[in-house]
Amino acid sequence: MSRELVIFGSGDIAQLAHYYFTEDSDYNVVAFTVDSAFIKEEMFCGLPVVPFEKIAQSHPVDKYSIFIALSYSKLNQIRKEKYLIAKRYGYQFATYISSYATVLNRKNIGENCFILENNTIQPFVAIGNNVTLWSGNHIGHHSHIGDHCFLASHIVVSGGVRIGEQCFIGVNATLRDHIDVADKTVVGAGVLLMGSTEAGSVYIGTKTEPASVSSDKLRKL
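Rules used throughout
Residues numbered from 1 in each chain as written. Predicted model: local features only at pLDDT ≥ 70, side-chain atom pairs only at ≥ 80, totals over all residues. Heavy atoms only, no water. Disulfide = S-S within 2.5 Å. Buried < 20%, exposed > 50% of the residue type's maximum accessible area, 1.4 Å probe, protein only. Helix = DSSP H or I, 4+ residues; strand = E, 2+ residues; numbered from the N terminus. Pairing = 2+ DSSP bridges. Right-handed = clockwise from strand over helix to strand, strands pointing away. Expected span 1.5 Å × (residues − 1).

## Quick look at the state of the cysteines
Then comes step 1: Using the criterion set out here, one finds 0 disulfides in the structure.
Then comes step 2: In this structure Cys113 is a free cysteine whose sulfur lies 9.9 Å from that of Cys149, the closest cysteine sulfur available.
Then comes step 3: Free of any disulfide, Cys167 has its nearest cysteine sulfur in Cys149, 4.6 Å distant.
Then comes step 4: Under the relative-accessibility criterion, Cys167 is labelled buried at 0%.

Following this line, the structure appears as structure tokens:
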């Protein structure tokens, strides 16, 4: 039996959430919602866009679930704020787990999570609330991901890693085993993180500079 779902958002993430929930879940998406000041069109993906300030009246909490489909903007703060408001309204949150992900401990995944295809989540992993795991990540055994985090694609989180709240981990980053990533840490694309971090710290990968020779001058193999 399908469950009725309202998605917060009207951008790319919301469009993707609509696709994934429609194609690969038991939810039936019936509407989108955003703050009234940001409503540009009355319809999105063929469905109505309703003011978030009035969502509990138009789509009561006892009949509809909600999913907050926002990115890592302002280090996940906006997604966190909308999640907490919807929680105060009394909504039940949807979590999407791709049928193409390898998830070996579903009981330890929180609400309003977005776990896309080709993620490998090993045994004894705990994932908090409002967490996004984009496609193709490895989350090693006994690791913990705190609330309101966003992990981009093709990240390796080794065993026993603890990631605090509101962290961002960029594409192709690698986290060695048994380290603590403190709250609001930013780990940039391609970073090899070998030790624990302090709260609010930023790690940036080595910038690649263009070679002095142009591509048409390269020796053909």
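## Focus: the environment of Lys40
Then comes step 1: Its place among the elements puts Lys40 in the loop between β2 (27-34) and β3 (43-44).
Then comes step 2: Lys40 gets classed as exposed once you look at its relative accessible area, which sits at 77%.
Then comes step 3: Taking the C-alpha atoms as reference, Lys40 lies 33 Å from Gly136; in sequence the two are 96 residues apart.

## A few points about the pairing of strand β5 (residues 65-68)
Each regular strand displays side chains that alternate between the two surfaces of the sheet.
Then comes step 1: Alternating positions in β5 separate into two faces, Ser65 and Phe67 on one and Ile66 and Ile68 on the other, with burial throughout.
Then comes step 2: For strand β1 (residues 3-8) and β5, the ladder comprises 4 bridges, and the chain directions are parallel. For Leu5, the partnering residue across the bridge sits in β5 and is Ser65.
Then comes step 3: Bridge analysis of β5 against strand β6 (residues 92-93) gives 2 bridges, and the strand direction is parallel. Note that in β6 the partner of Ile66 across the bridge is Phe93.
Then comes step 4: With respect to chirality, the unit in which β5 leads through helix α3 (residues 77-89) into the neighbouring parallel β6 is right-handed.

## Concerning the pairing of β2
Then comes step 1: In terms of burial, β2 is a largely internal element, 7 of the 8 residues being buried.
Then comes step 2: Here β1 runs beside β2; their pairing, made up of 6 bridges, is parallel. Residue pairing in the sheet places Ile7 in a bridge with Phe32 of β2.
Then comes step 3: Handedness of the β-α-β unit built from β1, helix α1 (residues 12-23) and β2 comes out right-handed.
Then comes step 4: Pairing analysis gives 3 bridges linking β2 to strand β4 (residues 47-51), with the strands arranged parallel. From the neighbouring strand, Thr33 faces β4, where its bridge partner is Val50.

## A look at α1
Then comes step 1: In this model, α1 (12 residues) spans 16 Å end to end at C-alpha, consistent with the 16 Å of a helix rising 1.5 Å per residue.
Then comes step 2: Of all the residues in α1, the buried ones are Ala14, Ala17, His18, Tyr20 and Phe21.

Everything listed here is a matter of geometry and, on its own, says nothing about what the molecule does.
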